[in-house]
Amino acid sequence: MDEVLEVAEVAADFGLEGVFRLILGLVGFLLLVGGLGLWLFTDMGLLVLPAVLMVVGVLLMVAPVVLFVIGDLL
């Protein structure tokens, strides 16, 4: 966990936190849409893969914000 906070702190020092958030947010959005697409438009009996894709997508959209808030507090 310390390494992740260190990377977030270095990105904030160089002013790249906006770019970091944008990239992770876009990847998270794509995973979320992909999971929804698999769930809605396929005949998958096992819904584990779409559920995992949607959860990871939401986490990627929320995680950068949480990391930078924790980094600012420390």
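Here is what the cut-offs are and how they apply
Residues numbered from 1 in each chain as written. Predicted model: local features only at pLDDT ≥ 70, side-chain atom pairs only at ≥ 80, totals over all residues. Heavy atoms only, no water. Helix = DSSP H or I, 4+ residues; strand = E, 2+ residues; numbered from the N terminus. Buried < 20%, exposed > 50% of the residue type's maximum accessible area, 1.4 Å probe, protein only. Contact = heavy atoms within 4.5 Å. Areas by Shrake-Rupley, 256 points an atom, 1.4 Å probe, with all protein chains shown as cover. Expected span 1.5 Å × (residues − 1). pLDDT = per-residue confidence, 0-100.

**Q** Looking at this model, I keep getting lost on the overall build of the protein chain. Mind explaining?
**A** Secondary structure assignment for the protein chain yields three helices and zero strands. Listing every helix and strand of the protein chain by position from the N terminus yields α-α-α. Within the protein chain, the fraction of its 74 residues that count as buried is 15%. Nonlocal contacts in the protein chain, meaning residues at least 24 apart in sequence, comprise 62% of its contacts between residues at least 6 apart. With the model as given, the accessible surface of the protein chain reaches about 5300 Å², and the carbon-plus-sulfur share is 77%.

**Q** Just to check I follow, could you spell out helix α2 (residues 17-41) for this structure?
**A** In an α-helix, one full turn covers 3.6 residues, which means residues spaced three or four apart are oriented alike. With 25 residues, α2 extends 35 Å between its outermost C-alpha atoms, agreeing within 8% with the 36 Å of an ideal straight helix rising 1.5 Å per residue. For α2, the set of buried residues is G28, L32 and G35.

**Q** Please clarify how the confidence of the model for the protein chain should be interpreted in this entry.
**A** Any segment with low pLDDT has predicted coordinates that should not be analysed in fine detail. Predicted confidence across the protein chain gives a mean pLDDT of 80, with 88% of residues reaching 70 or more. Mean pLDDT values for the elements of the protein chain range from 74 in helix α1 (residues 2-13) up to 86 in α2.

**Q** Looking at this model, I keep getting lost on the environment of A8. Mind explaining?
**A** Along the polypeptide, A8 turns up in helix α1. Residue A8 is classed as buried on the basis of its relative accessible area of 4%.

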